[in-house]
Amino acid sequence: QVQLVESGGGLVQPGGSLRLSCAASGRTFSDYSWGWFRQAPGKEREFVATISWSGGTTIYADSVKGRFTISRDNAKNTVYLQMNSLKPEDTAVYYCAARNGFPTRTQNGYNYWGQGTQVTVSS
């Protein structure tokens, strides 16, 4: 059974940093693209970042470009999201997802999803 488990969320002050992890089990995802998405209260889930199977291609939402970095460790079947210079508007539940194909911003292109981890940016 495939499982994606996010971790690393929490409460952080504006300007702070967090590193999210998403560990996969049940199969190897070295040939899959990964994505991070988020959903703020009262809003639809939105794209944050995606990375290709090799790590050679990354795409970011404009709202996080220059502050967030997506990376992956295929040996550990894990994807990461380093979040720096966090803002209150980054507050959301963050989800990781895996896709058997090219990286994409489109949510319905992803085959597997995690349960999410809460990130709260507040003073």
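Quick notes on the rules
- Residues numbered from 1 in each chain as written.
- Predicted model: local features only at pLDDT ≥ 70, side-chain atom pairs only at ≥ 80, totals over all residues.
- Heavy atoms only, no water.
- Phe/Tyr/Trp six-rings, centres within 6.5 Å; stacked < 30°, edge-to-face > 60°.
- Helix = DSSP H or I, 4+ residues; strand = E, 2+ residues; numbered from the N terminus.
- Buried < 20%, exposed > 50% of the residue type's maximum accessible area, 1.4 Å probe, protein only.
- Lys NZ or Arg CZ within 6 Å of the ring centre and 35° of its normal.
- Pairing = 2+ DSSP bridges.

Novice: A description of the packing of aromatic side chains should follow, citing residues and the corresponding values.
Specialist: Geometry of an aromatic ring pair is reported as the spacing of the ring centres plus the angle between the planes. Following the criterion strictly, the structure yields eight aromatic pairs and no others. Ring geometry for Phe37 versus Tyr110: centroids 5.2 Å apart, planes at 80°, classification edge-to-face. Note that Phe37 is positioned in strand β4 (residues 33–39) and Tyr110 in the loop between β9 (92–99) and β10 (112–113), a separation of 73 residues in sequence. One exposure class covers both Phe37 and Tyr110, and it is buried. With a centroid separation of 5.0 Å and 50° between ring planes, the pair formed by Phe37 and Trp113 is classed as tilted. Highlighted residues: Phe37 in strand β4 and Trp113 in strand β10, separated in sequence by 76 residues. Among the aromatic residues, those joined into a ring-pair cluster are Phe29, Tyr32, Trp34 and Tyr112. Cation over ring: Arg19 sits above Tyr80, and NZ or CZ is 4.0 Å from the ring centre. Positioned above the aromatic ring of Trp113, the side-chain terminus of Arg45 is 3.9 Å from the ring centre.

Novice: Summarise the pairing of β9; cite the residues concerned and give the values.
Specialist: Within β9, six of the eight residues are buried, which leaves it mostly tucked inside the rest of the structure. Across three bridges, β9 lies against strand β11 (residues 117–121) in antiparallel orientation. Opposite Tyr94, over in β11, you have Thr117 as the bridge partner. Direction of pairing for β9 relative to β10: antiparallel, over a ladder of two bridges. Its bridge partner being in β10, Ala97 is matched across the sheet by Trp113.

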